[in-house]
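Take a look at the letters that make up each chain.
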Amino acid sequence: METEIKCPKCNDLMHEGFLLDRGAENFTFQSTWVAGKAEESFWLGLKIKDKQKINVKVFRCPKCSFLEFYAPE
């Protein structure tokens, strides 16, 4: 995937980043896309075992603050 992406709103060059998630004990994680519909799990919040998971890349426009999300394989 190209890392030079232009903003679809104002055509400025976007900066690559990621969304930060925090878990138990304040551990930090990168946001992840999970295939399929969200299914609740009695013990763990959501059922994600055996589902496709891809880390999410986010690009932000410094001019207009637009965010664009990608889940590259």
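Since this is a predicted model, take the numbers as computed values, not measurements. (Residues numbered from 1 in each chain as written. Predicted model: local features only at pLDDT ≥ 70, side-chain atom pairs only at ≥ 80, totals over all residues. Heavy atoms only, no water.)

Engineer: Which parts of the structure should I look at to understand the sheet that holds strand E8 (residues 57-60)?
Structural biologist: Pairing within the open sheet is antiparallel, and its 3 strands lie in the order E1-E8-E9. A strand with exactly one partner marks an edge of an open sheet, and here the two such strands are strand E1 (15-17) and strand E9 (67-70). Pairs of neighbouring strands in the sheet enclose a mean axial angle of 25°, with direction left out of account. Here 4 bridges tie E8 to E9, and the two strands are oriented antiparallel to one another. Pairing of Val58 across the sheet is with Phe69, part of E9. (Pairing = 2+ DSSP bridges. Helix = DSSP H or I, 4+ residues; strand = E, 2+ residues; numbered from the N terminus. Axes fitted to C-alpha atoms, helices over the stretch in contact; angles between N-to-C directions.)

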